[in-house]
Amino acid sequence: MNWEWVASNSHQITAALLQHVQLVGLSLLFGFLIAFPLALMAVRWPRLYGPSLAVTGVMFTIPSLALFILLMPFTGLSMATSLIGLTLYTLLILFRNIVQGLRGVSPSVREAARALGYTPARRLFAVELPIALPVIVAGIRIAAVTIIGMVTVTALIGQGGLGQLFITGFTLSFATPLIIGFVLSVALAVAVDLALVGILYCLTPWQRGVR
Amino acid sequence: MNNDVMTLMTLMTGVIDFFSQPMNWQGPGSIPDHILEHVTYVLISTLIGAAIALPIGIGLGHSGRGGLLAINISNIGRAIPAFGVIILVFLLAGYGVIPVIVALVALAIPPMVTNSFVGMREVDPAVRQAAMALGMTGWQRLWQVELPIAMPLIMAGVRTSAVQVMSTATLAAYVGLGGLGRYLIDGLAVRDLSQVLVGAILVAVLAVMTELLFAGLQKLITAKGLQ
């Protein structure tokens, strides 16, 4: 470790970290905005589930590097290229967990809400979603941590957050930037994961005390 | 819009050209050559990963201890950027296949540990007790009762790992090795996107084939009574 390098390049490191956070946050947001309505439809019409899972599944198997490069002719060396690729990767995990969460709501609870005169929309937001929340958040956690590791690859097309430090380390044959990028990336993943657990804990007060 | 359609057309023509040239199909550096390299990386890493991960997950699940550990290994493992590991081991160990295998093994282990642990834990306690009541030893219970029941989940873990490794092995090309990533890295370097698309198509096909292969394998080794 060369701490002098770290001190004199703190600017670059901070910028890379911020870009990393921004890419992860935005791709999760977009991923959720697409996966959520898709999941609602798949719960409502079960026939949609298989095909949706297959399509999002194939996107997940395309190597991230290939996907990023292939988007380039259309979106160039821009943030959009990274964002589209990363968003596509979140879809499978988010979609699967939202569907699983909503399907886990027991039919008697649904019936009870209906009997109380809840409209479908109110039933969804006041009853089904809160019950499904733990499974949905579990999906967001997996997606977030996966994406945090994957963003580093987009450095190869010049939009990679902390991955930029990996490339610097590679081209200079110098381990310090690499280790800094590595540690920050893992620390970010752990921090985001813990934050999501904390948010879930605050949002589900009824779960406390149950064992 | 029109421009994008044009780009797409040129891309597709380039891909068809690439696939239809006989010289791309034989000799060193040809498509079968890169596929073979790629599959070799994946096979070695997945096997080493399984040899490490499965005993840990199955052991922890059988004894019922270390659940928190088994689940957390998976969470932390997911956070490790494979791209960083490849370059880091490359700087430490130098050029060769080792950096890539180390990174891919690290990537393969977490899903297998977690899935085999969960699979073993989800064996119905009544079944476990019945086996105990029959006077089975710990080993007998493990081999004859718990493992067959847990097998579908264990295999699901191996499958997840294999598919992930398959798509990440493309990064091997970044540190100068072969495999299908060559098309991606070389294509990027000379801005030949048709070549990139060739690599992407081949890897995606391999990944889907891996899925199908494991689905078949899983069916084959799941005990008749459990299907």
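Residues numbered from 1 in each chain as written. Chains lettered and ligands numbered in written order. Predicted model: local features only at pLDDT ≥ 70, side-chain atom pairs only at ≥ 80, totals over all residues. Heavy atoms only, no water.

Asks: How would you summarise the overall build of chain A if you had to cite specific residues and measurements?
Replies: Helix and strand counts for chain A come out as nine helices and zero strands. In chain A, the succession of α and β elements from N to C terminus is α-α-α-α-α-α-α-α-α. By principal-axis analysis of the C-alpha atoms, chain A measures approximately 65 × 45 × 20 Å. Looking at chain A residue by residue over its 211 residues, the buried ones come to 49%. A sequence separation of at least 24 residues applies to 74% of the contacts in chain A between residues at least 6 apart. Summing over all exposed atoms, chain A offers an accessible surface of approximately 9900 Å²; the carbon and sulfur share of this is 71%. Taking the 11 positively charged and 4 negatively charged side chains of chain A as two groups, their mean positions are separated by 16 Å. (Helix = DSSP H or I, 4+ residues; strand = E, 2+ residues; numbered from the N terminus. Buried < 20%, exposed > 50% of the residue type's maximum accessible area, 1.4 Å probe, protein only. Contact = heavy atoms within 4.5 Å. Areas by Shrake-Rupley, 256 points an atom, 1.4 Å probe, with all protein chains shown as cover. Lys, Arg positive; Asp, Glu negative; His and termini not counted. Charge placed at Lys NZ, Arg CZ, Asp CG, Glu CD.)

Asks: Which residues make up the overall build of chain B, and what are the values?
Replies: A tally of helices and strands in chain B yields nine helices and zero strands. Ordered by position from N to C terminus, the α and β elements of chain B give α-α-α-α-α-α-α-α-α. In terms of overall dimensions, chain B has a C-alpha envelope of 70 × 40 × 40 Å along the principal axes. For chain B, the proportion of its 227 residues judged to be buried stands at 48%. A sequence separation of at least 24 residues applies to 74% of the contacts in chain B between residues at least 6 apart. Seen as two clouds, the 10 positive and the 10 negative side-chain charges of chain B have centres 17 Å apart.

Asks: Help me get a handle on the UniProt feature "transmembrane region" (unreviewed entry) in chain A, residues and values and all.
Replies: All names here are of chain A. Mapped onto the present numbering, the UniProt feature "transmembrane region" (unreviewed entry) falls at residues 20-40, 52-71, 77-95, 131-158 and 178-203. Taken end to end, residues 52-71 is 90% helix and 0% strand, and its first and last C-alpha atoms sit 22 Å apart. Counted over residues 77-95, helix gives 89% and strand 0%. Its end C-alpha atoms are 28 Å apart. (UniProt positions renumbered as here; feature names shortened; annotations may be inferred.)

Asks: Tell me about the environment of Ile73(B), and name the residues and values.
Replies: Residues and elements named next belong to chain B. Within the secondary structure, Ile73 is located in helix H3 (residues 67-79). Along the backbone, Ile73 and Phe18 are 55 residues apart, and their C-alpha atoms lie at a distance of 43 Å. What Ile73 contacts, discounting residues up to four positions off in sequence, is Pro110 and Val113.

Asks: Give me the pattern of salt bridges: which residues, what numbers.
Replies: Here the structure, examined in full by the defined rule, presents seven salt bridges over all chains. Put simply, Arg128(B) and Glu146(B) hold a salt bridge, and the shortest N to O gap is 2.7 Å. Here Arg128(B) is found in helix H6 (residues 125-133), whereas its partner Glu146(B) is found in helix H7 (residues 138-168), with 18 residues between them in sequence. Glu146(B) matches Arg128(B) in its accessibility class, with the two residues each being buried. Residues joined in a network through salt bridges with shared partners are Arg110(A), Arg123(A) and Glu128(A). (Salt bridge = Lys/Arg side-chain N within 4 Å of Asp/Glu carboxyl O.)

Asks: Describe helix H3 (residues 49-61) of chain A, and please don't skip the residues or the numbers.
Replies: Within an α-helix, residues lying three or four positions from one another point in the same direction, as the helix has 3.6 residues per turn. For H3(A), built from 13 residues, the straight-helix expectation of 18 Å at 1.5 Å per residue is met to within 8% by its first-to-last C-alpha distance of 18 Å. Among the residues of H3(A), those classed as buried are Tyr49(A), Ser52(A), Thr56(A), Gly57(A) and Thr61(A). Taken around the axis of H3(A), the buried residues stretch over an arc of 160°, which confines them to a single face. Those residues of H3(A) that are buried lie in contact with helix H2 (10-44) and helix H5 (79-103) of chain A together with H7 and helix H9 (193-221) of chain B. (Expected span 1.5 Å × (residues − 1). Arc of directions from axis to C-beta.)

Asks: Talk me through helix H2 (residues 31-63) of chain B; I want residue IDs and the actual numbers.
Replies: Residue and element names in this part refer to chain B. Here H2 is 33 residues long and its end C-alpha atoms lie 47 Å apart, about the 48 Å a rise of 1.5 Å per residue gives. Within H2, the axis deviates most sharply at Ala50, by approximately 30°. Directly beyond the C-terminal end of H2, a positive phi value near 80° is found at Gly64. (Bend = angle between axes of the 7 residues up to and from the residue.)

Asks: Would you mind going over the environment of Leu33(A) in detail, with residue names and values included?
Replies: With respect to the secondary-structure elements, Leu33(A) resides in helix H2. For Leu33(A), a relative accessible area of 53% translates into the label exposed.

Asks: Talk me through the packing of aromatic side chains; I want residue IDs and the actual numbers.
Replies: Any pair of aromatic rings gets described here by the distance separating the centres and the angle formed by the planes. Tallied over the entire structure, the rule returns nine aromatic pairs over all chains. Taking the centre distance of 6.3 Å and the plane angle of 35° together, the rings of Phe19(B) and Trp25(B) count as tilted. By the ring-pair criterion, three or more aromatic residues cluster together here, those being Phe166(A), Phe170(A), Phe83(B), Phe90(B) and Tyr174(B). It is Arg103(A) that lies over the ring of Tyr49(A); its NZ or CZ is 4.4 Å from the centre. The ring of Tyr118(A) carries Arg122(A) above its face, with NZ or CZ at 4.1 Å from the centroid. (Phe/Tyr/Trp six-rings, centres within 6.5 Å; stacked < 30°, edge-to-face > 60°. Lys NZ or Arg CZ within 6 Å of the ring centre and 35° of its normal.)

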